[in-house]
Amino acid sequence: MTCEFDLPAGTTSAAIRGRALKLPRAEPRRIVVIGDTGCRLKAADAAFQACDDPTAYPFARITSQAAAWKPDLVVHVGDYLYRENPCPKTVPGCSGSPWGYGWDSWSADFFAPARPLLLAAPWIMVRGNHESCNRAGQGWWRFLDPRRLEPGRDCNDPRNDALGDYQGAFLVPLGTDSQIVVMDIATSGEKAIAPGDPRFDQLGGIWNFLKKTGANGKFTIAAGHYPLLALAAKAHDGVVGIGGESAGIASVFQAQDGPLVPPGIDLLLAGHVHLWEQVGFSRDYPTQLVAGFSGTQEDVATLPAGLPIAVTPVAGASVAHFASWTHGFGWMSLEKLGSRQWKVLVHSVTGGIVDQCQITGSTSICGLGAKRESAGAPSARQARRESSQAGHRLR
């Protein structure tokens, strides 16, 4: 059963059943961001990750490294449980692994490997599409969602899934001048959503919440699983193309009375695409960061080092800076440098720093991105060659 409570002002310590809890800092400055962390066992894709191999499935190593960084806060951008089907006995590395949506799978895929980081700092949990009601939604509402478990919103009865698959956006203050909006967009999907679909009004409510909270002048981060302004490699008939990833949420936001992203939103955090990515724009749009590279089997079709000319996640958005890393697992850190200024580090599971970025307000630039851009963007044909590992994306 979900335990819901607010800490009274002035609280200096807290515990549940004798276990001390890390208290939120008044001014959190060091934030770890991880996402897409479960071990993939999916028969439909013939995808059986070696869950017992810390190299093939390094989530436990990542949480130990991130905990040693001593964060003030952890943000998980969704997709905690991937063990959907039994691993065949003939597949080494995962044979005998727990599977399904019971406690044994939740423990193996999340709670046991995440233990060092769970003990290190408070967490913000973002819901992923793997936590929808037709997947691990029952566990989501019982283990991770911050609100009280209610009848009809528990994913027990499929007739109530439209309710159980959604929670309203909420705000988490980060001191006096920064804030995070947590968005449940887990079922928005990769296809446009029509008016009349229950998700249309639900996601429209999130847009209005962003509009309201973004108007207070604070540095505002919006965290949701699907990346509204990211790019992904999409394989079709053996050819890899580059395009936007989140048509569902985009279609609803575009239908609202205002811009795609309301003014005052500076940074979008997301996962879903199994890589690390930064997309910065020349104007009118916030920075998009994607941290879907923290344990789940990597995408088959990978992004190129540079973008073809005129490629953009949404029509009318001009990409000024782009960086991505698709060659390994890791985690991301945000460190506050000053008012509306943050440093981003991309950490590999082997301990190296893959990239470093600077965020100032809604603009950003990354080291590897700057180097790639100075060399000139490749042609579309060159980009396709760089992404020649065509195949189905494993979401």
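Quick note: structure is the one above.
Read on for an overview of the structure.

Rules used throughout
- Residues numbered from 1 in each chain as written.
- Predicted model: local features only at pLDDT ≥ 70, side-chain atom pairs only at ≥ 80, totals over all residues.
- Heavy atoms only, no water.
- Core = buried A, V, L, I, M, F, W, Y, C linked by side-chain atoms within 4.5 Å.
- Buried < 20%, exposed > 50% of the residue type's maximum accessible area, 1.4 Å probe, protein only.
- Helix = DSSP H or I, 4+ residues; strand = E, 2+ residues; numbered from the N terminus.
- Contact = heavy atoms within 4.5 Å.
- Axes fitted to C-alpha atoms, helices over the stretch in contact; angles between N-to-C directions.
- Parallel < 35°, antiparallel > 145°, perpendicular 65-115°, else oblique.
- Left-handed = near helix turned anticlockwise from the far one by under 90°.
- Nonpolar A, V, L, I, M, F, W, Y, C, P; charged D, E, K, R; others polar.
- Disulfide = S-S within 2.5 Å.
- Pairing = 2+ DSSP bridges.
- Salt bridge = Lys/Arg side-chain N within 4 Å of Asp/Glu carboxyl O.
- Polar contact = N/O pair within 3.5 Å; in protein donor to acceptor, adjacent residues only side chain to side chain.

1. Some points on the nonpolar core
One finds Ile206, Leu210, Leu228, Leu229, Phe253 and Leu260 to be the most contacted residues of the largest nonpolar core, which totals 40 residues. Taken together, the elements giving at least two residues each to this core come down to helix 6 (198–213), strand 11 (231–236), helix 7 (247–254) and strand 14 (276–281). In contact with Leu228, other than residues within four places in its own chain, are Ser246, Ile249, Ala250, Phe253, Leu260, Val261, Leu268, Gln288 and Val314.

2. A short note on the packing of helix 2 (residues 103–111) against helix 4 (residues 137–144)
Running from amino to carboxyl end, helix 2 crosses helix 4 at an angle of 65 degrees, the nearest separation of the two axes being 11 Å. By the criterion of interaxial angle, the relationship of helix 2 to helix 4 is roughly perpendicular. Between helix 2 and helix 4 lies a crossing whose hand is right-handed. In this structure, helix 2 contributes Trp103, Trp106, Phe110 and Phe111 to the contact, and helix 4 contributes Gly139, Trp140, Phe143 and Leu144. Residue composition of the contact of helix 2 with helix 4, by class: 7 nonpolar, 1 polar and no charged.

3. Details of the state of the cysteines
For the structure on display, the rule yields 4 disulfides. Note on cysteine connectivity: Cys87 is disulfide-linked to Cys94, with sulfurs 2.0 Å apart. Disulfide Cys87-Cys94: the torsion about the S-S bond is 65 degrees, which places it as right-handed. Per residue, the accessibility class of Cys87 equals that of Cys94, and both read buried. Covalent S-S linkage joins Cys133 and Cys155, the inter-sulfur distance amounting to 2.1 Å. Looking down the S-S bond of the Cys133 and Cys155 bridge, the torsion is -65 degrees, so its handedness is left-handed. On the criterion of sequence distance, the pair formed by Cys133 in the loop between strand 7 (123–125) and helix 4 and Cys155 in the loop between helix 4 and helix 5 (161–164) is long-range, its members being 22 residues apart. Residue class for Cys133 comes out buried when judged on its relative accessible area of 9%. The connectivity of the disulfide bonds within the chain can be written as 1-2, 3-4, 5-6, 7-8, using the sequence rank of each bonded cysteine.

4. Quick notes on the sheet that holds strand 16 (residues 319–325)
Strand pairing within a sheet occurs via backbone hydrogen bonds; the two strands may be parallel or antiparallel. If you walk across this open sheet you meet the 7 strands as 8-9-10-13-15-14-16, and the pairing is mixed. Bordering the open sheet on either side are strand 8 (170–173) and strand 16, each of which pairs with just one other strand. With strand direction ignored, the average angle separating the axes of adjacent strands in the sheet is 15 degrees. Two strands pair when backbone bridges link them, and strand 13 (residues 267–270) and strand 15 (residues 287–291) are joined in this way by 4 bridges, in the parallel orientation. Across the sheet, Ala270 pairs through a bridge with Val290, a residue of strand 15. On the sheet, helix 6 packs against strand 8, strand 9 (178–182) and strand 10 (219–223) and is oriented at approximately 175 degrees with respect to strand 9.

5. Some remarks on the pairing of strand 3 (residues 30–34)
In terms of burial, strand 3 is largely enclosed, as 4 of its 5 residues are buried. As judged from the 4 bridges shared by strand 3 and strand 17 (residues 330–338), these two strands associate in the antiparallel manner. The residue of strand 17 that forms the bridge with Ile31 is Leu334. In this sheet, strand 6 (residues 73–76) lies alongside strand 3 in parallel orientation, the contact comprising 4 bridges. The partner of Ile34 across the bridge, within strand 6, is His76.

6. Digging into helix 4
For helix 4, the set of buried residues is Gly137, Gly139, Trp140, Trp141 and Leu144. Buried positions along helix 4 lie against helix 2, strand 7 and helix 5.

7. So, the pattern of salt bridges
Pairing between side chains of opposite charge can happen when their charged atoms approach one another. According to the stated counting rule, one finds 13 salt bridges in the structure shown. The shortest N-O distance in the salt bridge between Arg283 and Asp284 comes to 2.4 Å. Look at Asp284 and you get exposed, because its relative accessible area is 57%. Counted as one network, the salt bridges with shared partners bring together Arg30, Glu335 and Lys343.

8. Notes on the side chain of Asp184
Relative to the helices and strands, Asp184 resides in the loop between strand 9 and helix 6. Using a relative accessible area of 2% as the deciding quantity, one classes Asp184 as buried. A polar contact is formed between the side chain of Asp184 and the backbone nitrogen of Gln167, at a distance of 3.1 Å. In terms of polar contacts, Asp184 uses its side chain to reach the backbone amide nitrogen of Ala186, at 3.3 Å. Each residue touching Asp184, except ones within four places of it in the same chain, is listed here: Arg127, Asp165, Tyr166, Gln167, Leu203 and Ile206.

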